[in-house]
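# Working through the structure, step by step
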Amino acid sequence: MNVSASITPINSPTPQSVPMILDSLPEPAVEGQGCPRRARLQIDLILLAIEALELNGSSAILTFAEELDLRGIVKNRVNLWRMRSTNPMRRAHIRRPLSIMEAKALVVIASYIARRLTVVIRQLLVIHQQMVEKQLPLEQNLRLSNYLERFKIHFKSRMNLRRSGVLALHTEEKLDELAINLLGQLLFCTGTAGMQRFWISLFDGEVE
C-alpha cells in the first residue's frame, strides 16, 4: 500500500470522492497541485487524435466518463472544454490549473477509448508504414487520409496559430507527423501497463 496516498492533504477530495480507478495511476512528485505545461499539452493532443478517429469523439469521452464512474470529475461538455483549454497552445486558453485528479481522469478515459480502437489504430499505423516504405503520398490511402485530414482540421481550428509552439507545426508534413506520433502514443496506452507508463511519461523531466 502506498503510505503517502493514504494521507489526505487539507482541501483535497476525501478518499470516498476519488474514484478507485484513478488509484491505478501513481501520484507524480511535482510542485503544486496542478499539472505542468507539457502534461496539459500532451493530454489535449491525445484527445484531439481520438476525436479525429471518432466522428463523435467528444460524446465518446463523456460516455466513457459515465461508464468509468468519472462523471463527478468530467461532468459535461463545458467542464471537459475547460479542462482541455488549460493547454497553453489553445486559442481559448484558460489560465486555470489542470488538477492531478482531472488529468488522471482524462488519461484513464483516453486509454480505455484507445483499447476499444486498438484494431483501427494498428491498421492505420501499418498502412502508414507501408506507404512510407513504398514512397507513396499518404493521401493516396483513403482511411489514413481521412484521419490525417480530420486531425489537421481540428488542430488548426482549436490551436492558436500565432504561438511559437504551434508555428513550429504549421506545415502539412509536420501536422501529419504529429498525428501519426499520437497514434503511436494511443497504441502504447493499450499495451501491458500502457496507461500507467503513458501517465508517468507525461511528467518526465518534471519529477523531482
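See above for the structure.
Since we're looking at a predicted model, the values are computed, not measured. (Residues numbered from 1 in each chain as written. Predicted model: local features only at pLDDT ≥ 70, side-chain atom pairs only at ≥ 80, totals over all residues. Heavy atoms only, no water.)

### Some details on unusual backbone geometry
The backbone of D69 sits at a positive phi, close to 60°, despite the residue not being glycine. Looking at where D69 falls in the secondary structure, it is placed in the loop between α2 (57-67) and α3 (77-84). Residue classification places D69 among the exposed positions, given a relative accessible area of 58%. Look at Q135: it is not a glycine, yet its phi comes out positive at around 55°. Structurally, Q135 can be placed in the loop between α5 (118-133) and α6 (142-158). Residue Q135 is classed as exposed on the basis of its relative accessible area, which comes to 71%. (Helix = DSSP H or I, 4+ residues; strand = E, 2+ residues; numbered from the N terminus. Buried < 20%, exposed > 50% of the residue type's maximum accessible area, 1.4 Å probe, protein only.)

### Here's the deal with helix α8 (residues 172-190)
For an α-helix, 3.6 residues make a turn, and residues three or four places apart therefore share a direction. The end-to-end C-alpha separation of α8 is 28 Å, in line with the 27 Å expected for 19 residues at 1.5 Å each. Within α8, the full set of buried residues consists of L175, D176, L178, A179, I180, L182, L183, L186, C189 and T190. For α8, the secondary structure elements touched by its buried residues are α1 (37-53), α4 (100-116), α5, α6 and α9 (194-201). (Expected span 1.5 Å × (residues − 1). Contact = heavy atoms within 4.5 Å.)

### Looking at the side chain of N141
Structurally, N141 can be placed in the loop between α5 and α6. Here R143 takes part through its backbone nitrogen, which lies 3.2 Å from a polar atom of the side chain of N141. (Polar contact = N/O pair within 3.5 Å; in protein donor to acceptor, adjacent residues only side chain to side chain.)

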